[in-house]
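Read off the chains here:
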Amino acid sequence: MSPTSTAPAPPTAGSRPAADPGVLDALTLLLEVTDELVVRSVRDTHRAVAARVGALVRATTLGAGGGPVRAHDLVAEGVYGAIGRSLRGAARGTGALAARGTGPGLDERGVGRQLRAAVNGLIGDRLDTERRALAIRMAPRVGGRDVEVTRTGLAAAYPAATPRVAIFLHGLGESDEVWRLGRAERGSTYPEDLEAAGWTPVVLRMNSGLGLRPNGVALASLLDRLVTAWPTDVERIALVGHSMGGLVMRAAAAVVPTVDAGGHAAGERPWVARVSDVVTLGTPHRGAPLAALVGRGSSLLGVLEESAAFGRILDERSVGVRDLVEGLGHDVPPLPHARYRLVSGTVSRSPRHPVGAVLGDLLVREASAYGRRGRSWDDLFADVEAETLHVGGAGHFALLNHPEVADRLLRWLS
């Protein structure tokens, strides 16, 4: 298998630096979240239900029965208090061990890498400020490890680097390994297909819980450094993003160069002019209904005191999830010189079928994947060269490795 393949080769057990995230870091977070959200939410719900039942008992018995109600409350509070203290004590213990680098690394196994990516998608903004060890930093990935974006690091990771570079970026809660989905069935992946066609695939991993614009800034900075340090002169760049990844790529292309105190651009973006194609796969350019539904569900749960605690759980969702409600509008314009390839999927064969029209690929509707808003045909890509592709009978994740998309991708980037 070629050196640029994205097939993960887990690091050797025991080689983890203490600063890298370990299984105990994840366990500590799980214990804290269980105490903070699960136990407290159940407790608050129990309190609300008990208060309503107690009020009903007192009303129907003209004040009698208050003793049993108070006894129940005392017992319940004691149980929840004991569970909370146990969880916090266990979290302190595992946290102390994690700080010393004890235990296996979280990234040593595929399940650990997937878990870390999913948690970053859910609460990655909090991890970035409160638990930096668990927060993913945006980086190219080869063999299950981050690649340092330096001339030495890139030359070692991509010894057969070509002047044509294809950047792959995953979606919410996904990792760099998601591009291998369905490889056993199709026999290849998009990065492998493009590598055989003379491109060098660079597969990135990001903290998908951060906002679209902060991730866009991080991507723009990474690509600046990558083009400068690439082993050979970069002639052409293709950006390929799945779901949220397509939005982050758009946000990166709109990043304005740093301006110094005199109002002059302190640095150009060497990668922008080299972008020839932007391919988005099931990207919610105009928002995703499911993300909006989560917000509405939180509001509805907050109406009743008995369900308000579970509404607060939904409120803990990351900025990345919240940003998917609206996507990105005209304030993030496309690159005027690039060709945009917009891929949508629907669970029905025809996008006009009522089921496909409503559900899209189960997460993103066809119009949103094309940058259009409803019947008004408010088109984000009306002023640039854009081509659309509909894949019938395909769910959101089928777009990660679909033969029809693979064929078109090779044609687009030939």
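Above this text sits the structure in question.
The text that follows walks through the structure, step by step, so that each part is easy to find. In this text the structure is predicted, and so the values were computed from the model without any measurement. (Residues numbered from 1 in each chain as written. Predicted model: local features only at pLDDT ≥ 70, side-chain atom pairs only at ≥ 80, totals over all residues. Heavy atoms only, no water.)

Section: the overall build of the chain
Within the chain, the regular secondary structure consists of 14 helices and eight strands. Buried positions account for 48% of the 414 residues belonging to the chain. Contacts in the chain between residues far apart in sequence, at least 24 positions, make up 79% of those at least 6 positions apart. (Helix = DSSP H or I, 4+ residues; strand = E, 2+ residues; numbered from the N terminus. Buried < 20%, exposed > 50% of the residue type's maximum accessible area, 1.4 Å probe, protein only. Contact = heavy atoms within 4.5 Å.)

Let's talk about the nonpolar core
By size, the foremost hydrophobic cluster in this structure holds 51 residues, and its most contacted members are Tyr 158, Ile 167, Leu 219, Trp 230, Leu 239 and Trp 271. Within the residue set of this core, elements represented by two or more residues are α4 (151-157), β3 (164-169), β4 (200-205), α7 (212-229), β5 (236-242), α8 (244-253), β6 (275-281) and β7 (339-346). The element contributing the most residues to this core is α7, with eight residues. Once you skip the residues sitting within four places of it in the chain, Leu 239 turns out to touch Ile 167, Leu 223, Met 249, Trp 271, Val 275, Asp 277, Val 278 and Val 279. Counting residues in hydrophobic clusters, the runner-up holds 23 residues, among them Ala 166, Phe 168, Val 405 and Leu 413. (Core = buried A, V, L, I, M, F, W, Y, C linked by side-chain atoms within 4.5 Å.)

Examining helix α3 (residues 110-130)
For α3, with 21 residues, the first-to-last C-alpha span of 24 Å runs short of the 30 Å given by 1.5 Å per residue. At Ile 123, α3 shows its largest kink, close to 95°. Along α3, the residues that are buried comprise Gly 112, Arg 113, Arg 116, Ala 117, Asn 120, Gly 121, Ile 123, Gly 124 and Leu 127. (Expected span 1.5 Å × (residues − 1). Bend = angle between axes of the 7 residues up to and from the residue.)

Re the sheet that holds strand β2 (residues 145-146)
The strand order β2-β1-β4-β3-β5-β6-β7-β8 describes an open sheet built from eight strands, whose pairing is mixed. This sheet does not close on itself; its edge strands, each paired only once, are β2 and β8 (386-392). Bridge count for β5 against β6 is six bridges, and the pairing is parallel. Looking across to β6, one finds that Gly 241 is bridged to Thr 280. (Pairing = 2+ DSSP bridges.)

Some thoughts on the packing of aromatic side chains
Summed over the entire model, instances satisfying the criterion amount to four aromatic pairs. Between the aromatic rings of Tyr 158 and Trp 230, the centroid separation amounts to 5.3 Å while the plane-to-plane angle is 40°, which identifies the pairing as tilted. Placement of Tyr 158 in the loop between α4 and β3 and of Trp 230 in the loop between α7 and β5 is noted, with a sequence separation of 72 residues between them. Residue Tyr 158 shares its accessibility class with Trp 230, and that shared class is buried. An angle of 55° between the planes, with centres 6.4 Å apart, marks the rings of Trp 179 and Tyr 190 as tilted. Separated by eleven residues along the polypeptide, Trp 179 in the loop between β3 and α5 (183-186) and Tyr 190 in helix α6 (residues 190-196) bring together distant segments of the chain. Using a relative accessible area of 0% as the deciding quantity, one classes Trp 179 as buried. Every member of this aromatic cluster is reached through a ring pair, and the members are Phe 168, Trp 179 and Tyr 190. (Phe/Tyr/Trp six-rings, centres within 6.5 Å; stacked < 30°, edge-to-face > 60°.)

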